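The residues making up each chain are set out below.
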Amino acid sequence: MSLRVDIRKHFPTFDLEVAFSAEDEVFGLLGASGCGKSLTMRCIAGIESPDEGTIIVNGETFFDSAAKVNLKPQQRKTALLFQNYMLFPNLTVEQNVAAGIPKKTPQAERDAIVRSELKRFDLSTFEKRYPAQLSGGQQQRVALARMLAARPGILMLDEPFSALDAHLKGVLEQNLGSLFDAFKGTIVYVSHDIDEAVRFCDRIAVVERGHIMEVDKSRQLIDNPRTVAGLKLSGVKNVSEVERLDATHVKCGNWGITLELSRGVPEDVKAIGIRAFNVQAADAPGTNVFRARVDRASDSRFDRMCLLGFLDRDADSEALVNATDQEMHFLHQHMYWRVNMEEGVRLPEVGDELLVRIPEQHVYIVCR
């Protein structure tokens, strides 16, 4: 089983230009809303048509602009799960599951497929109910059963949990485990949530403004992001464009500080990043230790997020800050610091002035 995509599509304010391949794996498309990940999936399904390029699924050409091949959606053996599941409200559960099975399939075989998928997703007792009589979790299981019943060549899921609360999301994620275990082939998974993508995907493509910025194994994207887009989407709160001063020093334009990076700074360095929980309190001056003030603080269940303003920021650092309004300008100038709540340990308060260390070993360096 395989997927080959190399397509381009022009819009007045946006250009989609993506190329990637996937085998028997869960391949993630990770990016912010409007970046082109769902559009890519719709092109594979035939709901949208690229301007040029090719789409090949399991050796069959779905789209080839040069050869003038563009199969209709119903001619493509794809199964696409939308956010709202798209169940037919006037059909029962068993009828919904059967809806994707090719009409030429003999009735006895159709019935056997439906029974098998209803059993797989624990839906046998609901077969005569209508979607409106089901819970959200049951509706999702019906949609997943319908996908497998169609015996597709490729599965595609478009942010299936985006509208769910955290508890229900955790429960329904288990349903996907049954789906992925049962399907042998390529699965394309669209998400804007890095944790969700890492849980489900073998490899992840970082999508930004219609282009794939990097493709890596899920764990590698977390441990070693290689682009600014990868930094941000992998959950790095603190990202700054930098100016290379020499082989071991960079000026961080956002924060107005200069970092020493003894492992070496590439000549084409673009930005650095550090996760909020890797910033440390310091007891004394030293390498990469800076005076800072807590300008904002907010609490979650287990930690406090502080916004740090650097007290000795470079006067000319403003030129490197790219902010669109006053609030964004404020946020760009500050570093996020996540502090665990521990019994007996005083948490930083707004107005506190203190020393913080940026450990070199936790600094990501990217060149794209």
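Structure: see above.
Bear in mind that the values here come from a model prediction, so they are computed numbers and not experimental data.

(A) Examining the pairing of strand β10 (residues 203-208) more closely. Note that strand β3 (residues 26-30) and β10 share four bridges and pair parallel. In the strand pairing of β10, G28 is matched with I204. When β10 meets strand β11 (residues 211-217), the two strands line up antiparallel, connected through six bridges. Considered in β11, the bridge of I204 is made with D216.

(B) Region of interest: the packing of aromatic side chains. Inspection of every chain in the model, using the stated rule, returns five aromatic pairs. Measuring from centroid to centroid gives 5.7 Å for F180 and F200, while their planes differ by 90°, and the two rings are edge-to-face. With F180 in helix α5 (residues 166-182) and F200 in helix α6 (residues 194-200), this residue pair connects regions lying 20 residues apart in the sequence. Classification of F200 as buried rests on a relative accessible area of 12%. Through successive ring pairs, a cluster of aromatic residues spans F180, Y189 and F200. In this structure, K237 is placed above the aromatic ring of Y336, and the distance from its NZ or CZ to the ring centre is 5.6 Å.

(C) Fine view of the nonpolar core. Core analysis: the biggest nonpolar cluster contains 43 residues, and V97, L155, L157, L176, L179, F180 and Y189 have the highest contact counts within it. In terms of residues, this core owes the most to one element, helix α4 (residues 136-149), which gives seven residues. For L155, the residues in contact, after removing those within four places along its chain, are A79, M147, L148, L179, F183, T186, I187 and V188. Counting residues in each nonpolar core, the second largest holds 27 residues, with I7, F14, F20 and F63 among its members.

(D) Geometry of helix α1 (residues 37-45). In terms of residue burial, α1 counts as a mostly covered element, since seven of its nine residues are buried. Within the sequence span of α1, burial applies to K37, L39, T40, M41, C43, I44 and A45.

(E) View of the sheet that holds strand β16 (residues 280-282). As summarised here, the arrangement of the five strands in space is β16-β20-β17-β18-β19, forming an open sheet in which the pairing is antiparallel. Lying at the two open borders of the sheet, with one neighbouring strand each, are β16 and β19 (335-340). Here the strands of the sheet are splayed against their neighbours by 55° on average, with no regard to which way each runs. As paired strands, strand β17 (residues 289-299) and strand β18 (residues 303-310) are joined by seven bridges and run antiparallel to one another.

Analysis parameters
Residues numbered from 1 in each chain as written. Predicted model: local features only at pLDDT ≥ 70, side-chain atom pairs only at ≥ 80, totals over all residues. Heavy atoms only, no water. Pairing = 2+ DSSP bridges. Helix = DSSP H or I, 4+ residues; strand = E, 2+ residues; numbered from the N terminus. Phe/Tyr/Trp six-rings, centres within 6.5 Å; stacked < 30°, edge-to-face > 60°. Buried < 20%, exposed > 50% of the residue type's maximum accessible area, 1.4 Å probe, protein only. Lys NZ or Arg CZ within 6 Å of the ring centre and 35° of its normal. Core = buried A, V, L, I, M, F, W, Y, C linked by side-chain atoms within 4.5 Å. Contact = heavy atoms within 4.5 Å. Axes fitted to C-alpha atoms, helices over the stretch in contact; angles between N-to-C directions.

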